[in-house]
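Each chain, letter by letter, is given below.
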Amino acid sequence: MYSNLAGSILLSIFILVVFCTQCSMKNIETPQKPNIIFIMSDDQGYADLGCYGSQYVQTPHLDKMAREGMRFTQVYAGSPVCAPTRCVLMTGLHSGHITRRDNRTTFDTDKPFMKRQLIPLKKEDFTIGEMMKQAGYVTGAFGKWGLGNPGTSGTPYLQGFDQFYGYIDQVHAHNYYTDFLMRNADTISIPENKDGQRQVYSHDLIAAEAHQFIKENQDNPFFLYLPYTLPHGKYEVPDNSLYADKPWKEQVKNYAAMISRMDRDIGQLFTLLKELDIDENTLVFFTSDHGPNPPFIDPLGSNKPFRGVKRQVLEGGLRVPMIARWPGKIQAGITSDFVWAFWDVFPTLAEIGGFEKSLPSDGISILPTLLGKSQQPHAFLYWEFYSPFQQAVRLDNWKGIRLGLQEPIHLFDLSNDPGEQSNVADKHPEIVEQISVIMHNEHDPDPNWPAVKVASEQAKNMLNPN
Ligand SMILES: [Ca+2]
């Protein structure tokens, strides 16, 4: 009797010890991986946020995000237009190595989007979605995809995203009152917008679906890629009353109101993270896909302090805002001038997500910088683009640009000429030579993307000083 009781007590203690050990081992060995949310606006300028100096556009929630996180001043998009910059982000390769190097393609037609043959991601392109899935994440993409229409190898649901909702076709995304959106391979009707009605703003649906994805996956590590469609043209918004008294054209008021609407939804996203008690374990990035369009340069200073716009490899076309917020990990209120680019997102997320295989990437993980540690800078950054053909290199504080394989390289010293006004190539032939070698080595010839040797006179206008 006595020994039975002692045995039971010992057994109970043993079970308790094993149970508790397993609990604590679980906590020690498999901490919850951080959720990652990557928010990207569309065609929004570097300087169109309060925290990047805008005197015009109201962005209280993004300004708060910057105060609570790290704000970068020298981050570059993958390309100066939509599709290739997304291709760079998705693959971790720079624009000399990617499948889709321009918006236009040799197959452009007037066909409706389901049949338009834009060059899609290839099956063998290894995407950030596939990588994060392999690292154990639930993956979602909500907004504008633009890297492969239905029926091609490039659709998001074939490129590593468990859930997609929004516009698969980039031109379809110009219509903010569309009567359908895509959910994975399915067409989802929006009857409120049938026959030209304009009752539902598509961005609102996309934001709501993204928030639903967060709720549904609050207990899983998730990767949420959120390429919002705002503030791209058409410049339509349900309400621009915030800017009603401004002396701007309607288009400019709408553009500013689109950014503020997106800002409102990002504020709601942060509220949701707090309500679900996952705010501390969620790393959120905010950026824009490339520089702004010309109508916003004068009234809003959208590209300040740079020169150039969308479709140009000048700083104004490539430099983007970038904010990263991760409570307890990223020190609040820091401004970093570390130089990095979209192709670094892939290796950074791979390190944070615990993906252990080697990566075919042109990028570096910027996790040390996020955590306040020093790290080796990039040897150089490289871009190429085709409408018209342009190549650019950033080497230390030098920026080299040429407009054809046989054209001279224009050289700018960004340390005292961020506006790229003064070509100093003649004074620094050794830097020009280094940049020439990089342009040669990093441009991977591709029959879909014929590089021109000699630029047109029209193309050369881009480099004339203002
Ligand atoms: Ca864009």
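Parameters at a glance
Per chain, residues are indexed from 1 in the order of the written sequence. Local features are withheld for residues below a pLDDT of 70 in this predicted model, meaning they are given only at 70 or higher, and side-chain atom pairs are given and counted only at 80 or more; totals for whole chains, interfaces and linings count all residues. With hydrogens and water stripped out, all remaining heavy atoms of the structure feed into the side-chain values. Strands here mean DSSP runs of E at least two residues long; helices mean DSSP runs of H or I at least four residues long; both are numbered from the N terminus. The reference for a compact globule is 2.2 Å times residues^0.38; the radius of gyration itself is calculated from the C-alpha atoms. Using a 1.4 Å probe, the Shrake-Rupley method yields the accessible areas, and only the shown protein chains count as cover for residues. By the counting scheme adopted, Arg and Lys are positive, Glu and Asp are negative, and His together with the chain ends is not counted. Working definition for charges: the position is that of NZ of Lys, CZ of Arg, CG of Asp or CD of Glu. We count a salt bridge whenever a side-chain nitrogen from Lys or Arg sits within 4 Å of a carboxyl oxygen from Asp or Glu. For the exposure calls, accessible area comes from a 1.4 Å probe over protein chains only, and a residue counts as buried if that area is under 20% of its type's maximum, exposed if over 50%, partly exposed in between. Any N, O or S atom lying within 2.8 Å of the metal counts as a donor, with the limit raised to 3.2 Å for Na, K and Ca; because water is left out of the atom set, some sites can appear incomplete. Geometry assignment treats four donors as tetrahedral when all angles are between 85 and 135 degrees, treats four as square planar and six as octahedral when opposite donors are over 155 degrees apart and all others between 65 and 115, and treats everything else as irregular. Should any heavy atoms of two residues lie within 4.5 Å, those residues are counted as being in contact. Axis definition: a line fit to C-alpha positions, over the contact stretch in the case of helices; interaxial angles, taken between N-to-C directions, run 0 to 180 degrees. Every angle not falling under 35 degrees, over 145, or within 65 to 115 is termed oblique; those three ranges are roughly parallel, roughly antiparallel and roughly perpendicular. Helix crossings fall into two classes, left-handed where the near helix is turned counterclockwise from the far one by less than a right angle and right-handed where it is turned clockwise. Three categories are distinguished: nonpolar for Ala, Val, Leu, Ile, Met, Phe, Trp, Tyr, Cys and Pro, charged for Asp, Glu, Lys and Arg, and polar for the others, with Gly belonging to the last.

Some details on the overall build of the protein
Looking only at helices and strands, one finds 12 helices and 15 strands in the protein. The globule rule puts the C-alpha radius of gyration for 466 residues at 23 Å, and the 24 Å found for the protein is close to it. For the protein, the spread of C-alpha atoms along the principal axes amounts to about 100 × 60 × 45 Å. Approximately 19,600 Å² of the protein is accessible, and the part contributed by carbon and sulfur atoms is 53%. The protein carries 42 positive and 53 negative side-chain charges, and their two centres are separated by 2 Å.

Some remarks on the pattern of salt bridges
When charged atoms on two side chains of opposite charge get close, those side chains can pair. With the rule as written, the count across this model stands at 20 salt bridges. Across the pair arginine 101 and aspartate 446 runs a salt bridge, and its minimum N-O distance is 4.0 Å. Residue arginine 101 is found in the loop between α3 (82-91) and α4 (128-134), and its partner aspartate 446 is found in the loop between α11 (429-442) and α12 (457-460); the two are separated by 345 residues along the sequence. Looking at arginine 101, the relative accessible area reads 2%, which means it is buried. Since its relative accessible area comes to 17%, aspartate 446 is described here as buried. Between aspartate 162 and lysine 133 there is a salt bridge whose closest N-O contact spans 2.5 Å. With aspartate 162 in the loop between β3 (138-144) and β4 (163-167) and lysine 133 in helix α4, this pair connects stretches of sequence that are 29 residues apart. Taking the relative accessible area as the measure of exposure, aspartate 162 reaches 31% and is therefore partly exposed. Put simply, Asp42, Arg86, Lys144 and Asp289 are held in one network by salt bridges that share partners.

Topic: the coordination of the calcium ion
Taken together, Asp42 (OD), Asp43 (OD), Cys82 (SG), Asp289 (OD), Asp289 (OD) and His290 (NE2) make up the protein donors of the calcium ion, found 2.2 to 3.0 Å from the metal. For the calcium ion, the six donor atoms are set out with angles of 46 to 152° between them, so the coordination reads as irregular. All donors of the calcium ion come from a single chain, and their spacing in sequence reads D-D-x38-C-x206-D-H. Note that cysteine 82 is positioned in helix α3 and histidine 290 in the loop between β8 (282-288) and α7 (297-300), a separation of 208 residues in sequence. On the basis of relative accessibility, which here comes to 3%, the residue cysteine 82 falls in the buried class.

Brief notes about the environment of valine 432
One can find valine 432 in helix α11. Classification of valine 432 by relative accessible area gives buried; the value is 17%. When residues no more than four places from it in sequence are discounted, the contact partners of valine 432 are Ile409, Leu411 and Ala425.

Describing the packing of helix α5 (residues 202-216) against helix α6 (residues 250-275)
The contact between α5 and α6 brings their axes to 11 Å, and the two run at 15°. Relative to α6, the element α5 lies roughly parallel. As α5 packs across α6, the resulting crossing turns out to be right-handed. Touching His203, Asp204, Ala207, His211, Ile214 and Lys215 of α5 are Arg261, Met262, Arg264, Asp265, Gln268, Leu269, Leu272 and Leu273, all from α6. Its residues placed into classes, the contact of α5 with α6 shows six nonpolar, three polar and five charged.

Scope: geometric values only; no functional claims are made or implied.
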